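# Observations on the model geometry
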Amino acid sequence: MTTYIESGSKNIYDIKENLKPKFIYIPIYNNNPLVKKGDYVYINDVVVNNNIPIRSSISGYVKGILNLKNINNELENYLVIENDYREQKRNILKIKNDIYSYNKNELLDLLKEYGFNLILNDIDYLIISTIDNNRYTFVQKAILYNNCEIILETIDALINIINISKCFIIVNDRDTYLKKEINKYLGSYLNITLVSIPNIYLTMWNKYLNRYLIKKRIIKKNKKITTCNVEIINYMYRALKFGEFATEKIISLNSNKYGSNVNINVKLYSNLNDLITLFNLNNDIFLINGGTLTGSKIKSKNIIITKDITGISFVKNDFKQTTKCINCGLCSKVCPEKLHPKLIMENIDNKCINKMHLDKCINCGLCSYYCPSKIELNEYVKLAKKKITNYEK
């Protein structure tokens, strides 16, 4: 389906840094910021309260509010902070030097305070996935490869403190170097098992990954399972060990057409345009947020990097022209949730889409990928989901 870049080369695990943006742009949503123009803010300061606190990723002065287009090409207000490059911090909660020294209640309370909403209490299995949501993205693998020892230590601490029965780290069969790196340390952690699985597209989604593990009898059915990625465990380590909130984000900039893939650690709320200058792009290139199957076209290079962005794909604009639907039914056949994308497309403006179970769509993009007419069915489904939200208001 999609080409898997062999892990025979270690450069897919490299992480570059771009941690000195001149400005950051924090989305206000529909809230009033907690700071005003001219105020000085520290790293970790809460500057916007949107159900969960939004914290500054740099220290510096508030410059004001700017209206920019977001990832969905919608105008949105952003709080602009100018970097003073001093990395001044505060709001660090009380932490312990040894992450094993927390008791269960202390650990769970601290993780909640730092914004982690994973269900960890009273579970049987903890599944840690290194599989990214894009076959050309290697963020999870890169994080684990570069931080293997501390990731395993954090997982082991969670297992012992919370009393989790078993943990499984999931890797792809082809991740040769990653498996070697994990096995260098794994012997010390008896409750952590490394599981190597085939390159199956749908295992990028947790529920399909769990189904595969149950089918292969790696885990038992009807057990309480929590599945997360390596990035979350890495954030947990930084919180428990150093009292750090998430102020940085590793994203993947990739271009299969040009053979370029790079993982970059950036400050949250940086401007994407500051990063894409790393690539010498032609005018026939457009950007996609996420994978080429599951992502959405980016209409502006000045979008802001938030926690939701994991990778940006650079795609050459040489796609085949869309033709009329031939009613082959292939989109329904390949849909893992047994939805009917063609019917959704045809009824995009009718309220009957409320009954088409769009909440089941996992945005895998298979309907668009297999369509012989090259119709972007996945985009119609996304639009239908938005319309349902409007109908319910």
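Scroll up to find the structure.
Residues numbered from 1 in each chain as written. Predicted model: local features only at pLDDT ≥ 70, side-chain atom pairs only at ≥ 80, totals over all residues. Heavy atoms only, no water.

### As for the packing of helix 3 (residues 148–162) against helix 4 (residues 176–186)
Stated precisely, the cut-off is as follows: For helices, the fitted axis covers only the stretch in contact; all axes are lines through C-alpha atoms, and the angles between them, taken along N-to-C directions, range from 0 to 180 degrees. Helix and strand assignments follow DSSP, with helices taken as H or I runs no shorter than four residues and strands as E runs no shorter than two, numbered in order from the N terminus. An angle counts as roughly parallel when it lies under 35 degrees, as roughly antiparallel when it exceeds 145, as roughly perpendicular when it falls between 65 and 115, and as oblique in every other case. Should the near helix be turned anticlockwise from the far one by less than a right angle, the crossing is left-handed, and should it be turned clockwise, the crossing is right-handed. Two residues form a contact once any of their heavy atoms are found within 4.5 Å. Residue polarity follows a fixed list, in which Ala, Val, Leu, Ile, Met, Phe, Trp, Tyr, Cys and Pro are nonpolar, Asp, Glu, Lys and Arg are charged, and the others, Gly among them, are polar.
One can describe the packing of helix 3 onto helix 4 by two numbers: an axis separation of 9 Å at closest approach and a directional angle of 55 degrees. The orientation of helix 3 with respect to helix 4, classified from their angle, is oblique. The two elements helix 3 and helix 4 meet at a crossing, and its hand is right-handed. Counted together, C148, E149 and L152 of helix 3 and E181, I182, Y185 and L186 of helix 4 form the full contact between these two elements. In terms of residue class, the contact of helix 3 with helix 4 is made up of five nonpolar, no polar and two charged.

### Quick look at the sheet that holds strand 11 (residues 225–229)
Applicable threshold: If DSSP finds at least two bridges between two strands, the strands pair.
A sheet is described by the order of its strands in space; here four strands give the open sequence 10-9-8-11, paired in parallel fashion. Since the sheet does not close on itself, it has two edges, and those belong to strand 10 (192–197) and strand 11, each with one partner. Ignoring strand direction, the axes of neighbouring strands in this sheet form an average angle of 25 degrees. Relative to strand 9 (residues 166–172), strand 8 (residues 125–129) runs parallel, the two being bridged by five bridges. Looking across to strand 9, one finds that Y125 is bridged to K166. Contacting strand 9 and strand 10, helix 4 runs over the sheet at an angle of about 165 degrees to strand 10.

### Overview of helix 2 (residues 139–146)
For the record, the criterion: Residue exposure (1.4 Å probe, protein chains only): buried if accessible area is under 20% of the type maximum, exposed if over 50%, otherwise partly exposed.
For helix 2, the buried fraction is high: seven of the eight residues fall into the buried class. For helix 2, the complete set of buried residues consists of V139, Q140, K141, A142, I143, L144 and Y145.

### Structural notes on the sheet that holds strand 3 (residues 40–41)
One open sheet accounts for four strands, arranged 2-7-6-3; its pairing is antiparallel. Only two strands of the sheet have a single neighbouring strand rather than two, namely strand 2 (23–27) and strand 3. Across five bridges, strand 2 lies against strand 7 (residues 75–83) in antiparallel orientation. Residue pairing for strand 7: I26 is matched across the bridge by L79.

### A word on the packing of aromatic side chains
Note the cut-off: Any Phe, Tyr or Trp ring, taking Trp's six-membered ring, that has another such ring centre within 6.5 Å forms a pair; planes under 30 degrees apart are called stacked, those over 60 apart edge-to-face, and the others tilted. Whether a charge lies above a ring is judged from NZ of Lys or CZ of Arg, which has to be within 6 Å of the ring centre and within 35 degrees of the ring normal.
Under the criterion given, the structure shown has nine aromatic pairs. When the centroid spacing of 6.5 Å and the interplanar angle of 45 degrees are considered together, the rings of F23 and Y25 count as tilted. The class of Y25 is buried, set by a relative accessible area of 13%. With centroids separated by 4.9 Å and ring planes inclined at 70 degrees, the aromatic side chains of Y40 and Y61 adopt a geometry described as edge-to-face. Residue Y40 is found in strand 3, and its partner Y61 is found in strand 6 (residues 60–69); the two are separated by 21 residues along the sequence. With a relative accessible area of 21%, Y40 lands in the partly exposed category. Take Y61: its relative accessible area is 46%, and that puts it in the partly exposed class. Here a set of aromatic residues connected by ring pairs shows up, and it is made of Y40, Y42 and Y61. It is R55 that lies over the ring of F245; its NZ or CZ is 3.7 Å from the centre. When the ring centre of Y177 is taken as reference, the NZ or CZ atom of K180 above it lies at 5.8 Å.

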